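Chain by chain, the residues:
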Amino acid sequence: RDRVACWPATDCQKSIFVDLVACAVISADAVRRDRGPTTAAVFCVASLVFSPGAAFAFFLALRAAAARDAYEAPAEAKPLGRVLVIGAGASGLAAAKTLLENGAEVVIVEKTGQIGGVFADAYEGAHQVSSKYITPFSDLRLGPEVESHQSLDDYVAYLHTYAVEHDLMRYMRHATVEVLDKTRRGYRATLLDGSHRTVEPFDRVAVCSGLHQEPKVPDIPGAFKGLVIHSQDYKESSIFKNKRVVVVGCGETAFDVAHAAAANNAAHVTLATRRGFVSVPASFGEDFAPLDCLIANAGTHCWESSWSRRVGFHWFITTKFQRLGMLCVSGSTT
């Protein structure tokens, strides 16, 4: 009645038309969202009595309230339960510590019975390639008195200290995982401790046995009758005395073995590699920054951003430039 009295007929008709259109749109949206016919009727009345703008505002308010009511708080994290950690090397210790901090019941099994994994059974004179600035865990750094590249004996001692510092020793078992089966609720592990065999259930398994457990020995055609050993079985350089030695490969271990043979009276030493390679010393002396620190800082961290880290862009850049530099210097990108 007020509208008819205040506005000309043409404006009144326009207003009624707009109201009806808005009413239809809002009602259709309400029905589409399963609000029910009652809610749709409320919108129709609101649109006709007030205005399309007021009805739409009311509609938005109801939608916001419904969204708040429908919001579900994130479910609590599922308990980790009982976790089997296979291996007591660096990754196994770090995994066990993190799991314990997050409420898991942890069992660490190590077939050698000692901390360190493959590092605990290394050859004489073995040193780490990565430096003391990058290798240690962030919660147990090495002091300035430690040499830049630790011997593997010293590194195993460091891992033992880490295990003691974080009270991990009491979770360790000297056992081998014979069988690991998936079950409906988790895993079933058959553990062999000497002659004692047990079958135990676990909710989760962390495989931290490392990358270098199974030696790969190539087939050698012909009638070669000399001694063939994998570097995993090499312990002492005395076996090379007065021998003609061929070292297959050009990784860090190959260099160590070839150097040990040449320095311990081998008759002849040959380092055989499939492709060319670039040999760069890991250390330039205790008075200089190690190579890995130079690469990590000058080659990556001095210019990277959070975006480049997120997308892996810095690896793309540094890898391409490093390989280009190697190609220019040596003719090989290896």
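In this convention, every chain numbers its residues from 1, walking through the sequence in written order. Side-chain atom pairs in this predicted model are given and counted only at pLDDT of 80 or more, local residue features only at pLDDT of at least 70, and totals for whole chains, interfaces and linings cover all residues. Think of the side-chain values as coming from all heavy atoms in the structure, minus any hydrogens and water.

Draft legend 1. Inspection of the overall build of the chain at higher detail. Only DSSP runs of H or I covering at least 4 residues are called helices, and only runs of E covering at least 2 are called strands; the numbering of each starts at the N terminus. Secondary structure assignment for the chain yields ten helices and nine strands. The rule is simple: take the accessible area with a 1.4 Å probe, protein chains only, and divide by the maximum for that residue type; under 20% is buried, over 50% is exposed, in between is partly exposed. Counting every position in the chain, which comprises 334 residues, the buried fraction comes to 28%. Note on definitions: a residue-residue contact is assigned when non-hydrogen atoms from the two residues lie within 4.5 Å. Here the analysis covers contacts within the chain between residues at least 6 apart in sequence; of these, 51% occur between residues at least 24 apart. The Shrake-Rupley method, run with a 1.4 Å probe, gives the accessible areas here. Residue values count only the displayed protein chains as cover. Accessible surface, the chain: about 22,200 Å² in total, of which carbon and sulfur atoms supply 58%.

Draft legend 2. Quick look at the nonpolar core. Working definition of a nonpolar core: buried Ala, Val, Leu, Ile, Met, Phe, Trp, Tyr and Cys residues. They are joined through side-chain atoms within 4.5 Å. Of all hydrophobic cores here, the largest spans 23 residues; its most connected members are Val85, Leu93, Val106, Ile108, Ile115 and Leu159. For this core, the secondary-structure elements that each account for two or more residues are strand E1 (82-86), helix H5 (90-101), strand E2 (105-110) and helix H6 (152-165). The biggest single contributor to this core is H6, with five residues. If we ignore the near neighbours within four places in the chain, the residues touching isoleucine 108 are Val85, Gly87, Ala88, Ala96, Leu168, Tyr171, Met172 and Arg173. Counting 13 residues, the second-largest nonpolar core is a separate cluster that includes Tyr123, Tyr234, Val247 and Ala260.

Draft legend 3. Highlighting the packing of H5 against H6. Put simply, H5 and H6 touch, their axes get as near as 11 Å, and they point 10° apart. If you check the angle between H5 and H6, you find them roughly parallel. In this structure, H5 uses Ala90, Leu93 and Lys97 to contact H6, whose residues at the interface are Tyr155, Leu159, Tyr162 and Ala163. A breakdown of the residues in the contact of H5 with H6 according to their chemical character gives six nonpolar, no polar and one charged. Lines fitted to C-alpha atoms define the axes, with helix axes restricted to the stretch in contact, and inter-axis angles between N-to-C directions lie between 0 and 180 degrees. For classification purposes, an angle smaller than 35 degrees is called roughly parallel, one larger than 145 roughly antiparallel, one from 65 to 115 roughly perpendicular, and anything else oblique. Gly falls in the polar group here, along with every residue not listed as nonpolar (Ala, Val, Leu, Ile, Met, Phe, Trp, Tyr, Cys, Pro) or charged (Asp, Glu, Lys, Arg).

Draft legend 4. Representation of unusual backbone geometry in the model. The phi dihedral of aspartate 167 falls on the positive side, at around 55°, and the residue is not glycine. Looking at the element boundaries, aspartate 167 is found in the loop between H6 and strand E3 (172-174). The class for aspartate 167 is partly exposed, based on a relative accessible area of 38%. Of note, asparagine 265 is a non-glycine position whose phi angle comes to about 65°, a positive value. Its location among the elements puts asparagine 265 in the loop between helix H7 (252-263) and strand E9 (268-272).

Draft legend 5. Broad picture of H7. A helix is expected to reach a length of 1.5 Å times the quantity of its residues less one. For H7, built from twelve residues, the straight-helix expectation of 16 Å at 1.5 Å per residue is met to within 8% by its first-to-last C-alpha distance of 16 Å. Residue asparagine 265 follows H7 closely and has a positive phi angle near 65°.

Draft legend 6. Geometry of the side chain of lysine 132. When you line up the elements, lysine 132 lands in the loop between E2 and H6. Those residues within four positions of lysine 132 in sequence are excluded, and the remaining contacts are Leu142, Gly143, Pro144, Val146, Glu147 and Ser148.

Draft legend 7. Examining H5 more closely. In this model H5 runs 17 Å from its N-terminal to its C-terminal C-alpha over twelve residues, within 8% of the 16 Å that 1.5 Å per residue would give. Those residues of H5 not exposed but buried are Ala90, Gly92, Leu93, Ala96, Lys97 and Leu99. Lining the buried residues of H5 we find E1, E2 and H6. One or two positions beyond H5, positive phi appears at glycine 103, with a value near 85°.

Draft legend 8. Representation of the packing of aromatic side chains in the model. Here a Phe, Tyr or Trp ring, Trp counted by its six-membered ring, pairs with any other such ring whose centre lies within 6.5 Å, and the pair is stacked when the planes are under 30 degrees apart, edge-to-face when over 60, and tilted otherwise. One pass over the structure, following the stated rule, counts six aromatic pairs. Charge over a ring is defined by NZ of Lys or CZ of Arg lying within 6 Å of the ring centre and within 35 degrees of the ring normal. Of note, lysine 182 hangs over the ring of tyrosine 187, and the distance from its end group to the ring centre comes to 5.1 Å.

Draft legend 9. The arrangement of the sheet that holds strand E6 (residues 196-202) in detail. Pairing between strands is defined by DSSP: at least two bridges between them are needed. Sheet architecture is open: three strands sit in the order E4-E5-E6, paired in antiparallel fashion. Since the sheet does not close on itself, it has two edges, and those belong to strand E4 (176-182) and E6, each with one partner. Neighbouring strand axes in the sheet, compared pairwise and without regard to direction, differ in orientation by 20° on average. Relative to strand E5 (residues 187-193), E4 runs antiparallel, the two sharing six bridges. Residue pairing in the sheet places lysine 182 in a bridge with tyrosine 187 of E5.

Draft legend 10. Structural detail: the pattern of salt bridges. Salt bridges are identified by distance alone: a Lys or Arg side-chain nitrogen within 4 Å of an Asp or Glu carboxyl oxygen. Applying the stated criterion to the full structure yields nine salt bridges. A salt bridge links aspartate 139 to lysine 97; its shortest N-O distance comes to 3.1 Å. Residue aspartate 139 is located in the loop between E2 and H6, and its partner lysine 97 is located in helix H5; the two are separated by 42 residues in the primary sequence. Between aspartate 167 and arginine 170 there is a salt bridge whose closest N-O contact spans 2.7 Å. Each of Arg82, Glu105, Arg173 and Glu200 takes part in a single network of salt bridges with overlapping partners.

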